[in-house]
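One-letter residues, chain by chain:
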Amino acid sequence: MSNNGHTAQELAERFALGLRGDGAARVLGVGTLARAEPGQLAFLANPKYRAQLAASRAGVVVMREDDAEGYPGTALIARDPYAAFAKISALFEPRPLREPGIHASAAIDPSADVSADAHIGPFVSIGARSRVEAGAIVGPGCVIGEDCVVGAGSELIARVTLVTRVRLGQRVLIHPGAVLGADGFGLAMEAGRWLKVPQLGGVVVGDDCEIGANTTIDRGAIEDTVLEEDVRLDNQIQIGHNVRIGAHSAMAGCSAAAGSAKIGRYCLIGGGAGVLGHLELCDKVVVTAMSLVTSSIREPGEYSSGTPLMDNRSWRKNAARFKQLDAIARRNPRSREDG
Amino acid sequence: MSNNGHTAQELAERFALGLRGDGAARVLGVGTLARAEPGQLAFLANPKYRAQLAASRAGVVVMREDDAEGYPGTALIARDPYAAFAKISALFEPRPLREPGIHASAAIDPSADVSADAHIGPFVSIGARSRVEAGAIVGPGCVIGEDCVVGAGSELIARVTLVTRVRLGQRVLIHPGAVLGADGFGLAMEAGRWLKVPQLGGVVVGDDCEIGANTTIDRGAIEDTVLEEDVRLDNQIQIGHNVRIGAHSAMAGCSAAAGSAKIGRYCLIGGGAGVLGHLELCDKVVVTAMSLVTSSIREPGEYSSGTPLMDNRSWRKNAARFKQLDAIARRNPRSREDG
Amino acid sequence: MSNNGHTAQELAERFALGLRGDGAARVLGVGTLARAEPGQLAFLANPKYRAQLAASRAGVVVMREDDAEGYPGTALIARDPYAAFAKISALFEPRPLREPGIHASAAIDPSADVSADAHIGPFVSIGARSRVEAGAIVGPGCVIGEDCVVGAGSELIARVTLVTRVRLGQRVLIHPGAVLGADGFGLAMEAGRWLKVPQLGGVVVGDDCEIGANTTIDRGAIEDTVLEEDVRLDNQIQIGHNVRIGAHSAMAGCSAAAGSAKIGRYCLIGGGAGVLGHLELCDKVVVTAMSLVTSSIREPGEYSSGTPLMDNRSWRKNAARFKQLDAIARRNPRSREDG
């Protein structure tokens, strides 16, 4: 980014957007519709915020064509203003410099293969037979165990652990505190004591995946745990051993998939939601926040469990009746006309 | 603390408490009412434990005036015995020595500004333009990225990550594994693939906040994620981008607030509870454990969702009927006298 | 493991298993029934997978005696095929070499006592008066604070934190990102501000416990938080201060026990389930996934809460009726014959 920013005209051309108003309007940064200043660009995607448009001081606003009707300011016209905004705002993102090279403090096994074009930060350890490819960034405090691969252009921000047999594709982004490849939770009970089941598999992460802070992905028991390409995991997610997540699926914070669950492509798992082990979800399943999936899902669509929030006094009365629900239903036999 | 501890008299004066019994009684440490020994101080706050008082061997007990009626031992009288106990027991807390200075192994960017009066432990890295103020403690293995501030007297116990643009106020305490300032979970779908939305904001943490182990607080997309002063977060909490949490609110373990949620002042969020994105909770809202807040709350009070725990066999029968609840209700039309 | 693997005969003798078929069949590794190759051993434990047996290419299969009837291949006969498989597969587990000795980069307090027979990896810090016993492994990036013990044969894989007063028994295994001994969440409100209650206790972990990635176990307020022997905790679990977990209990991912909860022996806590503070669960309690335990449990058995998953449209209709449940029940007074 030059210090002069970009004109509306330049942005329109670069991102193939329509332009209304002053093409020479200069964009030096981005802001929200409510608080952007004249040198900033904002966006209007959700009609809910349309009322803010008239009052906005933003110098340029990205919006849909019909929202621009009668707008007196400078507008960039996009079919998807949020996506257009995402691309424009990347121009203004400060990117810390991560020059190729290995920090003097790093502890790297002689059998590891680190590209001369990779960046290895301070206090990083890399185990035997692991490989870090060109353009990869391994930030401060990361631990990479044995037999791992960090694919080209991937970035481990800081304090990420790849325990063992974790293979990352290209352009994978992993946030701090994430742990990939820890032992799956495999136990057998024998003579009154737990017997640990060795976890011999690994973790395979496809290209363009993103893994949130403090998320954990266990390695497989025999075969691998797999994330297909472009899977997006938020923070604090738990993925059990031998789970498979289809391409382009996204899971929100604190959700979990238990061992051997299979989640399809283009699924959206809400925050705090859970999928029990060994289940299968077909493509395009949406699970709302804090729902628990207890059987396989074979039809795309939106699924939910739970009860509505109430004031505690009302909730106590109603929740107590939940215990009598079967009795209540038996007192009210289903009549023929019921669905 | 001297090795001789403190007399009841000294404690009464220091903390402005009433005294009954032997002012010369010596307190060398603290214990629970049930297990304290003669040289120890215990407290009685919850009337539930009143029966334990008679049998307690504690040398001194902090309690309310009315609980002290007829108590033959030495009592310190407080309006809030738990708060008084908290202050007294701090006298007996072993505090590891953290001398000012920078450990030889630390990796500190030349443009960072570290107070000579701060303690920087081993294997700490501090990025460009970050500042660590006087009296701050940055424990082993912490990673501080670019453009962060650790305010005066703040402490990062160990292995804390401040990713970028994280500004901590004074006396902020952060427990190990916490990650502040990671990318918010911002995604736009374009042509069947996820497009990452840059996260240009930061995180602002007010004075006297405490942040638990492995808790994550994402940085804002455009503006900042904000914790006002004296906010207390337990372990494993997830705070999405652009959340704002009001002063003196507390959240228990494993709870979460999704992106752009606004939580008021003096709120209490129970363990495992969730607040969906973009909602607003007014001041003094209490959400009980594992409840999900799905719409904004405008009245102070206690709120809940969920169903009671039952033996699995009963639960299965009742839960199955939940699927028929609408049909059951329609068979029983609301009569005029129903609330 | 020799490169030649093991014959079926050798395995039968070593693990006291029955043998059918070719005792000279050579096992070079393990696989799933569905995908194992001729040189691999698989197992059949769950009758659900019996149909896969006929088609399996596995060279040797561990199974129950009755499943082996008519099986033409080589079978090892076990009463518990899963446990037998666990033991056999351990022969094929690659174990990274962790030689005794202290990595040059480690920062160890002069008053710490590290066995010459322990392995201390790079970027480890060990605080005052802590002890690491013989055969223990402390992997890269671990932080051990003051007054801790790592018992003989215990392993901290990487980036584990023991904050203070954490005593591990023998053969304890802790996965990356786990934090033991952080401050319990103890707060008192005084004059409109939170007052921190010092956490003077520690954490005691019994022999043979396993603690998952990013799990947190707080230290006690006055007395200790305790895990008895052979407790198994999965990833992302939160254990509050002064919790006690009985021997041989297991908790699945993302579950939690709040402060002072007491969980019995041989309990199984499902994924995402919660136990409120100060409750007691007797031995052999099973809590299903994402259930919330809100009162003490005195009878062994399986317990649940929550509602079934539905398509969102149906769920909305039924969930709305939950708010009327008490009114519905009052319109349908309980008749004498109801249970």
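Residues numbered from 1 in each chain as written. Chains lettered and ligands numbered in written order. Predicted model: local features only at pLDDT ≥ 70, side-chain atom pairs only at ≥ 80, totals over all residues. Heavy atoms only, no water.

Draft legend 1. Just the sheet that holds strand E40 (residues 310-311) of chain C, in detail. A sheet is described by the order of its strands in space; here 12 strands give the open sequence E8(A)-E11(A)-E14(A)-E17(A)-E20(A)-E25(A)-E28(A)-E31(A)-E34(A)-E37(A)-E39(A)-E40(C), paired in mixed fashion. The sheet is open, and its two edges are formed by strand E8 (101-102) of chain A together with E40 of chain C, each paired on a single side. As paired strands, strand E11 (residues 119-120) of chain A and strand E14 (residues 137-138) of chain A are joined by 2 bridges and run parallel to one another. The residue bridging His119 of chain A from the neighbouring strand is Ile137 of chain A, located in E14 of chain A. (Pairing = 2+ DSSP bridges. Helix = DSSP H or I, 4+ residues; strand = E, 2+ residues; numbered from the N terminus.)

Draft legend 2. Highlighting the relation of the copies chain B and chain C. Placing chain B over chain C gives an RMSD of 0.0 Å and needs a rotation angle of 120°, together with 0.0 Å of translation along the axis. Such values leave the two copies arranged in the relation of a three-fold axis. (Least-squares fit on C-alpha atoms with pLDDT ≥ 70 in both.)

Draft legend 3. Representation of the UniProt feature "active site" (unreviewed entry) in chain A within the structure. Residues and elements named next belong to chain A. The feature "active site" (unreviewed entry), as given by UniProt, occupies His241 in the numbering adopted here. Turning to its location among the elements, His241 is positioned in the loop between strand E29 (238-239) and strand E30 (244-245). Setting aside its immediate chain neighbours within four residues, His241 contacts Gly184, Phe185, Gly186, Gln199, Asp218, Arg219, Gly220, Ala221, Thr225, Gly259 and Ser260. (UniProt positions renumbered as here; feature names shortened; annotations may be inferred. Contact = heavy atoms within 4.5 Å.)

Draft legend 4. A look at the interface of chain A and chain C. Across the contact, 76 residues belong to chain A and 72 residues belong to chain C. When the two sides are added together, the surface that chain A and chain C hide from each other amounts to roughly 5,800 Å², 61% of it contributed by carbon and sulfur. Of all residues in chain A, Phe185, Trp194 and Arg331 of chain A bury the most surface against chain C, accounting for 12% of the area lost on that side. Linking chain A to chain C there are 7 salt bridges. The partner of Glu210 of chain C in a salt bridge is Lys196 of chain A, with the nearest N and O atoms 2.8 Å apart. Linking chain A to chain C there are 29 residue pairs in polar contact (both at pLDDT 80 or more). The element contributing the most residues to the side of chain A that touches chain C is helix H4 (residues 312-322) of chain A, with 6 residues. In terms of residue class, the side of chain A that touches chain C is made up of 37 nonpolar, 25 polar and 14 charged. Strand direction decides the pairing type here: strand E39 (residues 301-304) of chain A and E40 of chain C, joined by 2 bridges, are antiparallel. (Buried area = accessible area lost by both parts, 1.4 Å probe. Salt bridge = Lys/Arg side-chain N within 4 Å of Asp/Glu carboxyl O. Polar contact = N/O pair within 3.5 Å; in protein donor to acceptor, adjacent residues only side chain to side chain. Nonpolar A, V, L, I, M, F, W, Y, C, P; charged D, E, K, R; others polar.)

Draft legend 5. Examining the domain arrangement of chain A more closely. On domain assignment, one finds that chain A holds domain 1 (6-92) and domain 2 (101-303). Computed over C-alpha atoms only, the centres of domain 1 of chain A and domain 2 of chain A are separated by 37 Å. (Domains from an automatic or database assignment.)

Draft legend 6. Inspection of unusual backbone geometry at higher detail. All names here are of chain C. Positive phi, normally seen in glycine, also occurs at Arg129, with a value near 65°. Of note, Arg129 is situated in the loop between strand E12 (125-126) and strand E13 (131-132). The backbone phi angle of His278 is positive, close to 70°, even though this residue is not glycine.

Draft legend 7. Seen up close, the environment of Gly70 of chain A. By secondary structure assignment, the location of Gly70 of chain A is in the loop between strand E6 (60-63) and strand E7 (74-77). Taking the relative accessible area as the measure of exposure, Gly70 of chain A reaches 76% and is therefore exposed. (Buried < 20%, exposed > 50% of the residue type's maximum accessible area, 1.4 Å probe, protein only.)

Draft legend 8. Examining the pairing of strand E5 (residues 40-43) of chain A more closely. Residues and elements named next belong to chain A. Note: strand E4 (residues 29-30) against E5, 2 bridges, orientation parallel. Bridging across to E5, Gly29 finds its partner in Gln40. Following the backbone out of E5, through helix H2 (residues 50-55) and into the adjacent parallel E6, one traces a crossover that is right-handed. (Right-handed = clockwise from strand over helix to strand, strands pointing away.)

Draft legend 9. Looking closely at the interface of chain B and chain C. Facing the 72 residues of chain B at the interface are 75 residues of chain C. Carbon and sulfur atoms supply 61% of the area buried between chain B and chain C, which totals about 5,800 Å² over both sides. Interface area lost by chain B to chain C is led by Arg159, Leu309 and Phe322 of chain B, which between them contribute 13%. Our count for the chain B to chain C interface comes out at 7 salt bridges. Across the pair Arg321 of chain C and Asp326 of chain B runs a salt bridge whose closest N-O atoms are separated by 2.7 Å. If you look at where chain B meets chain C, you find 29 residue pairs in polar contact (both at pLDDT 80 or more). Looking at the side of chain B that touches chain C, the elements that each hand over two or more residues are helix H4 (81-89), strand E28 (232-233), strand E31 (250-251), strand E40 (310-311), helix H5 (312-322) and helix H6 (325-331) of chain B. Considering every element that reaches the side of chain B that touches chain C, the biggest residue donor is H4 of chain B, with 6 residues. The class makeup of the residues in the side of chain B that touches chain C is 38 nonpolar, 16 polar and 18 charged.

Draft legend 10. Representation of empty space enclosed by the protein in the model. All told, the structure shown has 3 cavities of 30 Å³ or more when counted by the stated rule. Lining the largest cavity are 15 residues; nearest its centre among them are Gly141 of chain A, Phe123 and Gly141 of chain B together with Phe123 and Gly141 of chain C. A per-class count over the lining of the largest cavity returns 8 nonpolar, 4 polar and 3 charged. Computed from the structure, the second largest cavity encloses a volume of approximately 40 Å³. Lining the second largest cavity, in full, are Asp183, Gly184, Phe185 and Asp218 of chain A together with His175, Glu210, Gly212, Leu233, Asp234 and Asn235 of chain C. (1 Å grid on protein atoms, 1.4 Å probe; cavity = no way out; pocket = protein on both sides within 12 Å on 5 of 7 lines; lining within 4 Å. Points joined across faces, edges and corners; volume = space filled by probe spheres on them.)

Draft legend 11. Region of the structure containing the pattern of salt bridges. Summed over the entire model, instances satisfying the criterion amount to 60 salt bridges over all chains. Here Arg98 of chain A makes a salt bridge to Glu146 of chain B, at a shortest N to O gap of 3.2 Å. One end of the pair, Arg98 of chain A, is in the loop between helix H3 (81-89) and E8; the other, Glu146 of chain B, is in strand E15 (residues 143-146), on a second chain. Here Arg98 of chain A falls in the partly exposed class, since its relative accessible area comes to 28%. We note a salt bridge from Glu228 of chain A to Arg244 of chain A, for which the minimum N-O separation is 3.0 Å. Separated by 16 residues along the polypeptide, Glu228 of chain A in the loop between strand E27 (225-227) and strand E28 (232-233) and Arg244 of chain A in strand E30 bring together distant segments of the chain. Its relative accessible area of 22% is what places Glu228 of chain A among the partly exposed residues.

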